[in-house]
Amino acid sequence: MNMMKRFAALALALVLMMSLAACGGAMSEGSRTDGIFYEATGVSPDAVLMRVDGADVSAESYFYQLYNMVSNLVMYCGVDGFDMDSGDGRTFADLSREYTLQSVKEIALVEPLAKKNKLTLSEEELAKIGEEIASYEEQYGEFGFQYMGVTRETMEQMYKAFGYYDLLEQSAYVEGGALAPTDEELFAYAEESGLMKADHILLANTDPVTGAALSAEEVEAKLTKAHELVEQLNAAEDVEALFAELGDEYSEDPGRAAYPDGYVFGAGEMVQEFENAAKLLTPGSISGVVESPYGYHILLRKDLTAEEILAKGGYFAAVLKKHADAVEVEYSPLYEEKVAALDLGAFFTAVTDARDTLYTDYLAQQEAGNEAEGGESGETENTDEAVG
């Protein structure tokens, strides 16, 4: 894996991790004047920006998380568009700060929540963390930490937080796990999150092989056939059995082979027409003909099982979010003064430029080192030839 891919992978792996320390008393404004985040904001990396459920969050940790969030959203709004409406009444700047704070709160919970449920990182797991960081440091040296904008200590805390998160998540999805839910809890989660299950018969308005649009006559024939199938289903004694039979015979959904029993989905996962129709149905009932950009659908709403809800994923994230929503957050005067109204476009640009400069300098140093090694090797060869 090349260096930039390694950095991208590390950033993705750490996107939910924060460095948190036990705290008490006044929140420090810090004393350090180094690092890419200090250059971009003028805030000391070791300053405390907020206190979450009794734990201090350093500027270094917060800005690392904020930069990752901003990096994701800048693809949608551009560097100058953080004051734009994101589509739900919130600006992209609002979203950046809300998502960052949510992650901060959740990460503040993982270690105490894990320990409360008697989940701890083993000596082997802790040793592996140390080995991974040592390997990273050996490969990239001080440049690696400078580029990420964190100290070695902060990176170690990040890895530990990720470990606790992983332990908790695993415990929610294995039978007998500390956070394993009851069936009642799973069905309540499904209802709250809008999970549904539905099978469908699709008569597509495009050629299944070429993808070309069908003629008006062909589309009309598909619509007629769809109405015929609805009539058959309405007259059936065993609707589900006939639906499965007709689906296997007529459905042109390319996903049917992988999902022969239907789809488990939440809001926004299916085309809007499909989702709207499914919401109007009760388990065991069928829709009329539903038109979408893909063609004509006939839906059969189905009951969800506890196993399907758990397999869908998202349960642990929802549990952790509930815990996070309940924690207390205390902001430092420094946060209110310098961070709350931070220009996120300028912040993103400054940090990105600083990283680019560090990377360019690193490459130059590597190249100079390689040339020096090559020169020494050549001198040795010439000396050997002279001696010979």
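Throughout what follows, the structure given in this document is the object of discussion.

Cut-offs applied
Residues numbered from 1 in each chain as written. Predicted model: local features only at pLDDT ≥ 70, side-chain atom pairs only at ≥ 80, totals over all residues. Heavy atoms only, no water. Buried < 20%, exposed > 50% of the residue type's maximum accessible area, 1.4 Å probe, protein only. Helix = DSSP H or I, 4+ residues; strand = E, 2+ residues; numbered from the N terminus. Arc of directions from axis to C-beta. Contact = heavy atoms within 4.5 Å. Phe/Tyr/Trp six-rings, centres within 6.5 Å; stacked < 30°, edge-to-face > 60°.

The next subject is helix α7 (residues 183–193). Three or more residues of α7 are buried, namely Leu186, Tyr189 and Ala190. Looking down the long axis of α7, one finds its buried residues gathered within 100° of arc, a one-sided arrangement. In α7, the exposed residues that point more than 90 degrees away from the buried face are Glu184, Glu191 and Glu192. Looking at the packing, one finds that the buried side of α7 touches α11 (306–312) and α12 (315–325). Directly beyond the C-terminal end of α7, a positive phi value near 75° is found at Gly194.

Quick look at the packing of aromatic side chains now. For any two aromatic rings, the description comes down to two numbers: the centre-to-centre distance and the angle of the planes. On inspection of all chains with the given rule, the structure shows 16 aromatic pairs. Seen in terms of ring centroids, Tyr62 and Tyr335 are 5.9 Å apart; in terms of plane orientation they differ by 85°. Their pairing is edge-to-face. Of this pair, Tyr62 sits in helix α3 (residues 59–77) while Tyr335 sits in helix α13 (residues 333–339), and the two are 273 residues apart along the sequence. Residue Tyr62 is classed as buried on the basis of its relative accessible area, which comes to 1%. Summarising the aromatic geometry, the rings of Phe143 and Tyr362 are spaced 4.1 Å apart at their centres and angled 10° between planes, so their arrangement reads as stacked.

Right, let's get into unusual backbone geometry. A positive phi angle, close to 50°, is found at Asp53, a residue other than glycine. Among the structural elements, Asp53 can be located in the loop between β2 (48–52) and β3 (55–58). Positive phi outside glycine occurs at Lys118, with the angle close to 60°. By the element assignment, Lys118 lies in the loop between α4 (92–116) and α5 (123–148).

Our focus in this paragraph is the environment of Tyr315. Within the secondary structure layout, Tyr315 lies in helix α12. Taking the C-alpha atoms as reference, Tyr315 lies 7.2 Å from Tyr189; in sequence the two are 126 residues apart. Once you skip the residues sitting within four places of it in the chain, Tyr315 turns out to touch Ala172, Tyr173, Leu179, Pro181, Glu185, Leu186 and Tyr189.

For Phe316, the position within the fold is in helix α12. Under the relative-accessibility criterion, Phe316 is labelled buried at 1%. For the pair Phe316 and Pro181, spaced 135 residues apart in sequence, the C-alpha separation works out to 9.4 Å. Discounting chain neighbours no more than four positions away, the residues touching Phe316 are Tyr165, Leu168, Glu169, Ala172, Tyr173 and Leu179.

In short, shape yes, function no, at least from these values alone.
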